[in-house]
Amino acid sequence: MRGSVLEVRTGTDGSVVIHPHGSIGADDAVELRQLLVHTVRRVRPLRLIVDLADSPELDPINLGSVVAACDLGDDHQVAVFIHNATVSLADRLTAAGLPRQRVRGIC
């Protein structure tokens, strides 16, 4: 990812946290999508958290990937939550079909 880093860690409760740092653009779409799908389909944690505290903006492709990961999580019994999104990003995520209750800690 050019100018950005995807940090992945496991929380003490077994949740997987994906924490992007930096701008997440169209060039990063494949890597982010593959990480989301792999985590939901192969790792299968009880909860997947995408922490956007250090990435205040997502391009439309990545925004769609995050929303699709929530739907995929529902199919695989993985609860997917978005943490620390900006107000405008939270609004765009919900406009794209993400249930508002999945967005936590709006900045």
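These lines cover the structure that appears in this document, whether it is placed above or below. Note that the coordinates shown come from a computational prediction; the quantities given were computed from them, not determined experimentally.

Structural notes on the nonpolar core
Right, on to step 1. By size, the foremost hydrophobic cluster in this structure holds 26 residues, and its most contacted members are L36, L48, I82 and L93.
Right, on to step 2. Those elements that place two or more of their residues in this core are β2 (16-21), α1 (29-43), β3 (47-51), α2 (60-75), β4 (79-83) and α3 (87-95).
Right, on to step 3. Those residues in contact with I82, other than ones at most four positions away along the chain, are V50, L52, V66, L93, L98, R102, V103 and R104.

Focus: the environment of G97
Right, on to step 1. For G97, the location among the structural elements is in the loop between α3 and β5 (103-104).
Right, on to step 2. In this structure G97 comes out as partly exposed when scored by relative accessible area, which is 49%.
Right, on to step 3. As a C-alpha pair, G97 and G64 span 33 residues in sequence and 9.1 Å in three-dimensional space.

Focus: the packing of α2 against α3
Right, on to step 1. The geometry of α2 relative to α3 is characterised by a closest axis approach of 10 Å and an angle of 65° between their N-to-C directions. Classified by chirality, the crossing of α3 by α2 is right-handed. Of α3, the residues touching α2 (which contributes P60, L63, V66 and V67) are L89, R92 and L93.

Observations concerning unusual backbone geometry
Backbone geometry follows two general trends: most residues other than glycine have a negative phi, and most peptide bonds adopt the trans configuration.
Right, on to step 1. Despite not being glycine, R44 shows a phi value in the positive range, around 55°.
Right, on to step 2. Here R44 lies in the loop between α1 and β3.
Right, on to step 3. Its identity is not glycine, yet N84 carries a phi of approximately 60°, on the positive side.
Right, on to step 4. Here N84 is to be found in the loop between β4 and α3.
Right, on to step 5. Under the relative-accessibility criterion, N84 is labelled partly exposed at 25%.

A word on the environment of L32
Right, on to step 1. Here L32 lies in helix α1.
Right, on to step 2. The spacing of L32 and A68 is 36 residues in sequence and 12 Å in space, taken between C-alpha atoms.
Right, on to step 3. With sequence-adjacent residues up to four places away left out, L32 is seen in contact with L6, I24 and N62.

Criteria and cut-off values
Residues numbered from 1 in each chain as written. Predicted model: local features only at pLDDT ≥ 70, side-chain atom pairs only at ≥ 80, totals over all residues. Heavy atoms only, no water. Core = buried A, V, L, I, M, F, W, Y, C linked by side-chain atoms within 4.5 Å. Buried < 20%, exposed > 50% of the residue type's maximum accessible area, 1.4 Å probe, protein only. Helix = DSSP H or I, 4+ residues; strand = E, 2+ residues; numbered from the N terminus. Contact = heavy atoms within 4.5 Å. Axes fitted to C-alpha atoms, helices over the stretch in contact; angles between N-to-C directions. Left-handed = near helix turned anticlockwise from the far one by under 90°.

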